[in-house]
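Inside the fold
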Amino acid sequence: MKTIGTTILTHNNESTIETALTSIMLFSDVIVIVDGGSTDSTLAKVSKVCPRAVIIHSQAGYENGQMWDFSAQRNVGLAYLDDKVDYIVIQDSDDECLTPTVVHQIRDLDADMFHVTVKFRDSGISWKQLRAWKTKLGVKYVGKVHEYPTLVGNVVDVDDIVFSPIPGDRVKVEPSSERNLRIGQRSYDEGDRSPRTLFYLAQPLRELGKLEQAIKIYKEYIKVATYHDEKMMGYLYMSRCYRGMKHFQASIDICWTALSEDIRFSEILIELSYSYS
C-alpha cells in the first residue's frame with residue numbers, strides 16, 4: 001500500500017502541538033517534526049503524544065535564533081520524507097486536520113499535487129491551499145515568508161480534506177506581522193522587487209499601521225503585479241490605507257482608478273461605498 005508522510009515545523013508551540021499531532025496520526029505512516037529550537041514543552045509533548053514521530057533539530061533559515069527563511073526549514077522535512085513515503089502532507093503546528101479519515105483518498109487519485117480546503121471555523125471563510133503531493137517530483141518550497149511549493153505535474157482539488165487553525169490563544173515567538181515585516185524588509189533592502197515580496201511587505205506595514213509606507217509599496221506592487229486580480233487587490237488595500245488615514249478623497253480616487261480597469265470587481269465597489277460614507 002502507498003504510504004503517506006506528514007511534516008510539521010515547530011518552535012515553541014506547546015499550546016497547539018498535541019491537537020495538531022493527534023489530528024494527523026490516523027493517516028500518517030511517517031511523521032517528521034522539524035524543530036527550530038523550542039525551549040518550552042513542545043518536544044516533550046510530541047514524544048508523549050506520538051512516540052513514533054521523528055524529531056529533526058534544524059536551524060535552516062534561522063539566524064541568531066530568528067527565522068528568516070521558512071522555505072529553508074520546510075525543505076528539511078521534504079528532503080527527509082522524499083525517499084521514505086509515496087505522498088507528503090503538510091501540517092502546520094497550529095492547525096488541525098478536521099477530516100483525517102478521508103486523507104488517504106489521495107493515494108487513489110490520478111494527480112501529482114492536491115489542493116485541500118483550509119477553513120476558519122468561527123467565520124466559515126475558506127480557501128484552497130497546496131498541502132499534499134507525490135514524493136520524488138522535486139517539489140521544493142520557495143519564498144522566505146508566506147512560502148509556497150513549486151508546481152509540478154497535474155493538480156486536483158480535494159474539497160473534503162479540511163484543515164483549520166486551532167481556536168484559542170497561543171503564545172508566539174514573535175507576532176506574525178512583525179516577523180513578516182522584518183523578513184520582507186530585508187528582501188526589499190537587498191533589491192528584491194518581485195510581486196510576491198512587494199505584496200507581503202506591504203501587508204504587514206498596513207497591519208501595523210505604517211500606512212504611508214504601505215501605500216508606497218502597494219504602488220510599486222501594482223506596477224508589477226502578474227495577474228489582474230492581484231493588481232485589483234493592490235488597489236483595494238491601498239484605498240483602505242488612505243481611508244485609515246482619513247484621506248477619503250484619495251481613497252475614492254484609487255477606487256475609481258481600479259474601477260476604470262474593471263467595473264465588475266465587487267470588493268472595490270464595497271470599498272468605494274465605505275469611503276463615501
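All values derive from a computational prediction rather than experimental measurement. (Residues numbered from 1 in each chain as written. Predicted model: local features only at pLDDT ≥ 70, side-chain atom pairs only at ≥ 80, totals over all residues. Heavy atoms only, no water.)

Description of the overall build of the protein chain
Across its full length, the protein chain holds nine helices and twelve strands. Relative to the compact-globule value of 19 Å for 277 residues, the protein chain shows a C-alpha radius of gyration of 20 Å, a close match. Principal-axis analysis of the C-alpha atoms gives the protein chain an extent of 60 × 45 × 35 Å. By the burial criterion, 47% of the 277 residues in the protein chain qualify as buried. Within the protein chain, counting contacts between residues at least 6 apart in sequence, those at least 24 apart form 65% of the total. Put simply, the protein chain shows about 13500 Å² of open surface, and 52% of that area lies on carbon and sulfur atoms. When the 32 positive and 38 negative side-chain charges of the protein chain are each reduced to one mean point, those points stand 1 Å apart. (Helix = DSSP H or I, 4+ residues; strand = E, 2+ residues; numbered from the N terminus. Rg over C-alpha atoms; globule rule 2.2 N^0.38 Å. Buried < 20%, exposed > 50% of the residue type's maximum accessible area, 1.4 Å probe, protein only. Contact = heavy atoms within 4.5 Å. Areas by Shrake-Rupley, 256 points an atom, 1.4 Å probe, with all protein chains shown as cover. Lys, Arg positive; Asp, Glu negative; His and termini not counted. Charge placed at Lys NZ, Arg CZ, Asp CG, Glu CD.)

Examining unusual backbone geometry
Unlike most non-glycine residues, asparagine 64 shows phi in positive territory, near 50°. With respect to the helices and strands, the residue asparagine 64 is situated in the loop between strand E4 (62–63) and strand E5 (66–67). Unlike most non-glycine residues, lysine 136 shows phi in positive territory, near 65°. Among the structural elements, lysine 136 can be located in the loop between strand E9 (126–134) and strand E10 (141–142).

Comments concerning the side chain of aspartate 95
If you trace the backbone, aspartate 95 turns up in strand E7 (residues 95–97). One polar contact links aspartate 95 to arginine 131, side chain to side chain, over a distance of 2.5 Å. When residues no more than four places from it in sequence are discounted, the contact partners of aspartate 95 are Ala20, Arg131, Ser164, Pro165 and Ile166. (Polar contact = N/O pair within 3.5 Å; in protein donor to acceptor, adjacent residues only side chain to side chain.)

So, the packing of aromatic side chains
A complete count under the given rule lists seven aromatic pairs for this structure. Summarising the aromatic geometry, the rings of phenylalanine 199 and tyrosine 221 are spaced 5.2 Å apart at their centres and angled 45° between planes, so their arrangement reads as tilted. With phenylalanine 199 in helix H5 (residues 195–207) and tyrosine 221 in helix H6 (residues 211–224), the pair connects residues that are 22 residues apart, well separated along the chain. Judged by relative accessible area, phenylalanine 199 falls into the buried class, the value being 14%. The interplanar angle of 55° and the centroid separation of 6.1 Å between the aromatic rings of phenylalanine 199 and tyrosine 237 together place this pair among those described as tilted. Taken together, the residues phenylalanine 199 in helix H5 and tyrosine 237 in helix H7 (residues 228–244) connect sequence positions 38 residues apart. (Phe/Tyr/Trp six-rings, centres within 6.5 Å; stacked < 30°, edge-to-face > 60°.)

Side note on a nonpolar patch on the surface
A cluster of nonpolar side chains, Trp256, Ile263, Leu269 and Tyr276, forms an exposed patch at the surface whose accessible area comes to about 450 Å². Within the element layout of this structure, isoleucine 263 appears in the loop between helix H8 (248–261) and helix H9 (266–276). (Patch = residues over 30% accessible without salt bridge, like charges linked within 9 Å, V, L, I, M, F, W, Y side chains within 5 Å. Salt bridge = Lys/Arg side-chain N within 4 Å of Asp/Glu carboxyl O.)

Focus: the sheet that holds strand E1 (residues 4–10)
Reading across the sheet, the eight strands line up as E3-E2-E1-E6-E9-E8-E12-E7 and stay open at both edges, with mixed pairing between neighbours. Strands with a single pairing partner mark the edges of an open sheet, and in this sheet they are strand E3 (54–57) and E7. If you compare each strand with its neighbour and ignore which way they point, the axes differ by 35° on average. Bridge analysis of strand E6 (residues 87–91) against E9 gives three bridges, and the strand direction is antiparallel. Its bridge partner lying in E9, isoleucine 88 is registered against tryptophan 133. Strands in contact with helix H2 (residues 42–49) are E1, strand E2 (30–35) and E3; relative to E3, the strand with the most contacts, it is inclined by about 160°. Set on the sheet, helix H3 (residues 70–81) makes contact with E1, E2, E3, E6 and E9; between it and E2 the angle comes to about 150°. (Pairing = 2+ DSSP bridges. Axes fitted to C-alpha atoms, helices over the stretch in contact; angles between N-to-C directions.)

Observations concerning the pairing of strand E12 (residues 155–165)
As defined by bridge partners, E7 adjoins E12 across three bridges and the pair is classed as antiparallel. Each residue of the ladder has a partner; that of cysteine 97, found in E12, is phenylalanine 163. In this structure, strand E8 (residues 113–119) lies alongside E12, joined through five bridges in parallel fashion. Counted as the bridge partner of valine 118 is phenylalanine 163 from E12.

What to know about the pattern of salt bridges
Inspection of the entire model under this criterion finds 17 salt bridges. We note a salt bridge from arginine 193 to glutamate 220, for which the minimum N-O separation is 3.6 Å. A residue pair is termed long-range when its members are at least 10 positions apart, and arginine 193 in the loop between helix H4 (176–189) and H5 and glutamate 220 in helix H6 qualify at 27 residues. For glutamate 220, a relative accessible area of 22% corresponds to the partly exposed category. A single network of salt bridges, built from pairs that share partners, joins Arg74, Asp92, Asp95, Arg131 and Glu147.

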